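# An overview of the molecular structure
Single-letter residue listing:
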Amino acid sequence: MNLVRTAMLIALMTALFMGVGYMIGGTGGMMIALVIAAAMNLFSYWNSDKMVLRMHHAVEVDARTAPEFYQIVADLAQNAGLPMPKVYVIHNQQPNAFATGRNPENAAVAASVGLLEALSDEEVAAVMAHELAHVQNRDTLTMTITATLAGAISMLGNFALFFGGNRDNNNPFGFIGVLVAMIVAPFAAMLVQMMISRTREYAADRRGAEICGNPLWLASALRKIAMGAGRVVNEDAERNPATAHMFIINPLNGQRMDSLFSTHPATENRIAALEAMAGEMAAPSPRQARPARTSVPRSGPWGRDGSTPRKGPWS
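Residues numbered from 1 in each chain as written. Predicted model: local features only at pLDDT ≥ 70, side-chain atom pairs only at ≥ 80, totals over all residues. Heavy atoms only, no water.

All right, on to the overall build of the protein chain then. Along the protein chain, the regular secondary structure elements total 10 helices and 4 strands. Burial analysis of the protein chain (315 residues in total) assigns 52% to the buried set. Of all intrachain contacts in the protein chain linking residues separated by at least 6 positions in sequence, the fraction that spans at least 24 positions is 70%. (Helix = DSSP H or I, 4+ residues; strand = E, 2+ residues; numbered from the N terminus. Buried < 20%, exposed > 50% of the residue type's maximum accessible area, 1.4 Å probe, protein only. Contact = heavy atoms within 4.5 Å.)

In structure tokens:
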């Protein structure tokens, strides 16, 4: 089912990309857009995850450079029955996280420095469990390809005025077509992102709570992340808004309502669903249950030994 959904999404985004090409350059522009879209789809399948990680300046870490954070992900991956993904840290103070990769065997999860500093062990585990749920549900391919194509559509729309205003091209709609390409196409691409985002987030919340073992940890984490995301501007996300739907909380400033124009469900609604799930599971409170942790020596800024005072969620 996920494979069919991904194929339909790619077809929809490709058709939208071709439509922009037709609005700008007529039949010739549509054919050029088709060739570009086909090349981008192929490229995105193999490389979109690397592009997204590079956009957000994510740095890969391992058991030596980030021992406790890495161990959290390893324990959760084992709980979920998933291969160990690559683990990245984003050098950004906004608390946030995302997952990427074309399949579970080639997946990566990333958390920001702001998230690791602001959240407790349990909350970090819950967030990474949410991201692993995306990997397990095979959302990551859909997310990364959508981000790549939506960014390309928005870019093509921005350049429509320069390339579509010439009377010598084969644009059948004239300047009106150019305006449609500039305004409607990027908006339509944004709506496609919103369409796939909401149910995907609720499903990942539920599965993530199952993986980490306590829905209240994720509810608490979402509350803290939403507050932090509202205070700290994520410059990389603002420069690449097409990737916003990949994050656990919308990294762009100004999105607070569960409305038609929100890339994520309202945080309050997600928390309420998790609290209801906790009641169904009769989950223990965060203070009563703690995730199993492996004792590792400090060897980087995301791990510590027993003699080092607590400085963040790796204690």
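Another aspect to go through is the pattern of salt bridges. In this structure the tally under the stated criterion is 8 salt bridges. For Arg270, the salt bridge is made with Glu201, and the minimal N-O distance between the two is 3.3 Å. With Arg270 in helix α10 (residues 267-281) and Glu201 in helix α7 (residues 174-212), this residue pair connects regions lying 69 residues apart in the sequence. On the basis of relative accessibility, which here comes to 0%, the residue Glu201 falls in the buried class. The network of salt bridges with common partners includes Arg200, Glu201, Asp205 and Arg270. (Salt bridge = Lys/Arg side-chain N within 4 Å of Asp/Glu carboxyl O.)

Enumeration according to the criterion identifies 1 aromatic pair in this entry. An angle of 70° between the planes, with centres 5.0 Å apart, marks the rings of Phe98 and Phe247 as edge-to-face. One end of the pair, Phe98, is in strand β3 (residues 97-100); the other, Phe247, is in the loop between α9 (235-239) and α10, and 149 residues separate them in sequence. For the pair Phe98 and Phe247, one class covers both residues: buried. (Phe/Tyr/Trp six-rings, centres within 6.5 Å; stacked < 30°, edge-to-face > 60°.)

At a minimum axis distance of 9 Å, the contact between helix α2 (residues 67-80) and helix α4 (residues 121-136) shows a crossing angle of 50°. Relative to α4, the element α2 lies oblique. Pair α2 / α4 crosses with right-handed handedness. Residues Phe69, Ile72, Val73, Leu76, Ala77 and Ala80 of α2 form the contact with α4, whose participating residues are Asp121, Val124, Ala125, Met128, Ala129, Leu132 and Gln136. Class assignment of the residues belonging to the contact of α2 with α4 gives a composition of 11 nonpolar, 1 polar and 1 charged. (Axes fitted to C-alpha atoms, helices over the stretch in contact; angles between N-to-C directions. Parallel < 35°, antiparallel > 145°, perpendicular 65-115°, else oblique. Left-handed = near helix turned anticlockwise from the far one by under 90°. Nonpolar A, V, L, I, M, F, W, Y, C, P; charged D, E, K, R; others polar.)

This part covers the nonpolar core. Soluble globular proteins: nonpolar side chains tend toward being buried together. One finds Phe69, Leu76, Leu115, Val124, Val127 and Met128 to be the most contacted residues of the largest nonpolar core, which totals 45 residues. Ranked by the residues each element gives to this core, the list is headed by α4, at 9 residues. Ile90, Ala108, Ala110 and Met246 belong to the second-largest nonpolar core, a separate cluster that totals 11 residues. (Core = buried A, V, L, I, M, F, W, Y, C linked by side-chain atoms within 4.5 Å.)

For the rest of this paragraph, the subject is the pairing of strand β4 (residues 108-112). In terms of residue burial, β4 counts as a mostly covered element, since 5 of its 5 residues are buried. The alternating pattern of β4 places Ala108, Ala110 and Ser112 and Val109 and Ala111 on opposite faces, both of which are buried. Pairing between strand β2 (residues 86-90) and β4: 5 bridges, direction parallel. The residue of β4 that forms the bridge with Tyr88 is Ala110. Examined bridge by bridge, β3 and β4 share 4 bridges and lie antiparallel to one another. If you follow Phe98 over to β4, its bridge partner there is Ala110. (Pairing = 2+ DSSP bridges.)

This paragraph deals with α10. Here α10 contains 15 residues, and its C-alpha end-to-end distance of 21 Å stays within 8% of the 21 Å for a straight helix at 1.5 Å per residue. Thr267, Arg270, Ile271, Leu274, Met277 and Ala278 are the residues of α10 that are buried. Seen along its axis, α10 keeps its buried residues to an arc of 120°; they face one direction. Exposed residues lying more than 90 degrees from the buried face of α10 are Glu268, Gly279 and Glu280. Where α10 terminates, the next one or two residues include Ala282, which has phi positive at roughly 50°. (Expected span 1.5 Å × (residues − 1). Arc of directions from axis to C-beta.)

Attention now goes to the sheet that holds β2. If you trace the 4 strands from one edge of the open sheet to the other, you get β1-β2-β4-β3, paired in mixed fashion. Looking along the sheet, the strands with just one partner apiece sit at the ends: β1 (58-61) and β3. Neighbouring strand axes in the sheet, compared pairwise and without regard to direction, differ in orientation by 25° on average. Sheet analysis places β1 next to β2, joined by 4 bridges and oriented antiparallel. If you follow Val59 over to β2, its bridge partner there is Val89.

It is worth spelling out α2 at this point. For α2, with 14 residues, the first-to-last C-alpha span of 20 Å sits near the 20 Å given by 1.5 Å per residue. When you tally the buried positions in α2, you get 10 out of 14 residues, the bulk of the element. Three or more residues of α2 are buried, namely Pro67, Glu68, Phe69, Gln71, Ile72, Val73, Asp75, Leu76, Ala77 and Ala80. A positive backbone phi angle near 70° is found at Gly81, which sits one or two residues after α2.

Of all residues in the protein chain, 63% attain a pLDDT of 70 or more, and the chain-wide mean is 77. Across residues 255-261 the pLDDT falls below 50, and counting only partners more than four positions away or on other chains, this stretch makes 18 contacts in the model. Predicted confidence is poor over residues 287-315, with pLDDT under 50, and the contacts of this stretch with residues over four places away or in other chains come to 69 contacts. (pLDDT = per-residue confidence, 0-100.)

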